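# Reading the structure
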Amino acid sequence: MWDPAQYGRYADQRGRPFHDLMARVEACAPSYVVDVGCGSGELTALLARRWPEAMVLGVDSSAEMLAQAPSSMPRLKFTQADARHWRPDRPIDIVVSSATMQWVEGHEQVLRELVGCLAPGGWLALQVPGNFAAPSHVLLREATARWLPGLALRAEPVLDPAGYAELLGAAGCRVDAWETTYLQVLAGPEPVLDWVKGTALRPVLAALPPEHHAGFLAEYGAALRAAYPSGRFGTLFPFRRVFAAAHT
Ligand SMILES: C[S@@+](CC[C@H](N)C(=O)[O-])C[C@H]1O[C@@H](n2cnc3c(N)ncnc32)[C@H](O)[C@@H]1O
């Protein structure tokens, strides 16, 4: 289950890659824009503001996230659906997917199929975290293996920029793919633990019996504090992200 309040605690840092991604999309007057994995929809609403003539649809599988979605714009709609199965009833001018495809099993095929749903000249804009080899995730996989040996966390759920360039190029797109490592400065006594609580830690806590939560969090939290020590000006948390802006 997603917790929009926990996820939204870092809205500024989580929103920045969305802006960087969308800066590379040069569509002028799209009529249909879809945000796949729209979460609570604040960023989706920015798409409706950028393209005032467009119908904008946010698609997400989480009822909790969608319950927070803005409802004030008639051109902005949301629907609850799984990205693996949802497909549009008409060609899309722009598909956006930000910080979602890492959760979608078989996302490479989903991306190919979404490219197939694009109108001529349509765009697919993708952003995924590329930090699965970072200490935050390696330590999470190690702690999970000790506490929940039956839960396998995928070590490499995403491709690198060359992988997306290859995949989307083979699907018939012209592709601009790149990566950026944001040096995030976090505040608070357990900032990295607090960050991952909104995302990567969710499936682990959901599977772990509640009586083990405190012990797990104490062990994983201590490992995170050692890997990301607090400095004079906060805790530095490098965060690599992978981007692709493709058009047909
Ligand atoms: C990290 S949030 C990203 C929200 C927003 N796009 C952003 O950039 O901040 C990931 C979202 O993906 C959604 N999600 C995960 N798996 C999904 C799937 N198979 N189909 C649709 N949405 C999915 C989750 O419900 C969640 O809202």
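Structure: see above.
Quick summary incoming for the structure in this document.

The rules behind these values
Residues numbered from 1 in each chain as written. Predicted model: local features only at pLDDT ≥ 70, side-chain atom pairs only at ≥ 80, totals over all residues. Heavy atoms only, no water. Axes fitted to C-alpha atoms, helices over the stretch in contact; angles between N-to-C directions. Helix = DSSP H or I, 4+ residues; strand = E, 2+ residues; numbered from the N terminus. Parallel < 35°, antiparallel > 145°, perpendicular 65-115°, else oblique. Left-handed = near helix turned anticlockwise from the far one by under 90°. Contact = heavy atoms within 4.5 Å. Nonpolar A, V, L, I, M, F, W, Y, C, P; charged D, E, K, R; others polar. Buried < 20%, exposed > 50% of the residue type's maximum accessible area, 1.4 Å probe, protein only. Pairing = 2+ DSSP bridges. Right-handed = clockwise from strand over helix to strand, strands pointing away. Salt bridge = Lys/Arg side-chain N within 4 Å of Asp/Glu carboxyl O. Core = buried A, V, L, I, M, F, W, Y, C linked by side-chain atoms within 4.5 Å. Polar contact = N/O pair within 3.5 Å; in protein donor to acceptor, adjacent residues only side chain to side chain. Arc of directions from axis to C-beta. Lys, Arg positive; Asp, Glu negative; His and termini not counted.

### A look at the packing of helix α6 (residues 135–147) against helix α10 (residues 213–227)
In contact at an axis separation of 10 Å, α6 and α10 are set at 150 degrees when each is read in the N-to-C sense. The orientation of α6 with respect to α10, classified from their angle, is roughly antiparallel. At the point where α6 passes α10, the crossing takes the right-handed sense. Together, P135, S136, L139, L140, A143, T144, R146 and W147 of α6 and G215, F216, E219, Y220, A223, L224 and A227 of α10 make up the contact between the two elements. Of the residues assigned to the contact of α6 with α10, the class counts are 10 nonpolar, 3 polar and 2 charged.

### Here's the deal with the pairing of strand β5 (residues 118–129)
Burial within β5 is extensive, with 10 of its 12 residues counted as buried. As defined by bridge partners, strand β4 (residues 92–98) adjoins β5 across 6 bridges and the pair is classed as parallel. Following the sheet pairing, I94 is matched in β5 by W123. At this point the chain moves from β4, through helix α5 (residues 107–116), to the parallel β5, and the crossover so formed is right-handed. Two strands pair when backbone bridges link them, and β5 and strand β8 (residues 234–247) are joined in this way by 7 bridges, in the antiparallel orientation. In the sheet register, V128 faces β8, and the bridge partner there is V242.

### Focus: the pattern of salt bridges
Scanning the model with the defined rule gives 7 salt bridges in all. D194 is the partner of R9 in a salt bridge, and the nearest nitrogen-oxygen pair spans 2.4 Å. Of the two residues, R9 sits in the loop between α1 (4–8) and α2 (11–22) while D194 sits in helix α8 (residues 191–197), which places them 185 residues apart along the sequence. Among the residues examined, D194 registers a relative accessible area of 15% and is labelled buried. We note a salt bridge from R225 to E190, for which the minimum N-O separation is 2.9 Å. Placement of R225 in helix α10 and of E190 in the loop between β6 (174–186) and α8 is noted, with a sequence separation of 35 residues between them. With relative accessibility at 41%, the residue R225 sits in the partly exposed group.

### Focus: the nonpolar core
Among soluble globular proteins, nonpolar side chains are generally buried collectively. Of all hydrophobic cores here, the largest spans 30 residues; its most connected members are M101, L124 and L168. If you list the elements that add at least two residues to this core, you get β1 (32–36), β2 (55–60), β4, α5, β5, α7 (161–170) and β8. The residues touching L168, leaving out its near neighbours within four places in the chain, are L111, V115, L124, C173, V175, A244 and A246. Counting residues in each nonpolar core, the second largest holds 23 residues, with A143, A200, F216 and Y220 among its members.

### Side note on the environment of S136
Along the chain, S136 falls in helix α6. It is 20 Å that separates the C-alpha atoms of S136 and S98, two residues lying 38 residues apart in sequence. Separated by 3.0 Å, the side chains of S136 and H137 make a polar contact.

### Section: α7
For α7, the full list of buried residues reads P161, G163, Y164, L167 and L168. Burial along α7 is one-sided: seen end-on, the buried residues are contained in an arc of 155 degrees. Projecting away from the buried face of α7 at angles above 90 degrees are the exposed residues A162, E166 and A170. On its buried face, α7 is in contact with α5, β5, β6 and β8. G172 occupies a position one or two residues after α7 and carries a positive phi of about 105 degrees.

### Quick word on the side chain of R202
Within the element layout of this structure, R202 appears in helix α9 (residues 202–207). No salt bridge is formed by the buried R202, whose closest oppositely charged neighbour, E64, lies at an N-O distance of 7.8 Å. When neighbours within four sequence positions are excluded, R202 is seen to be in contact with M1, W2, W103, V196 and K197.

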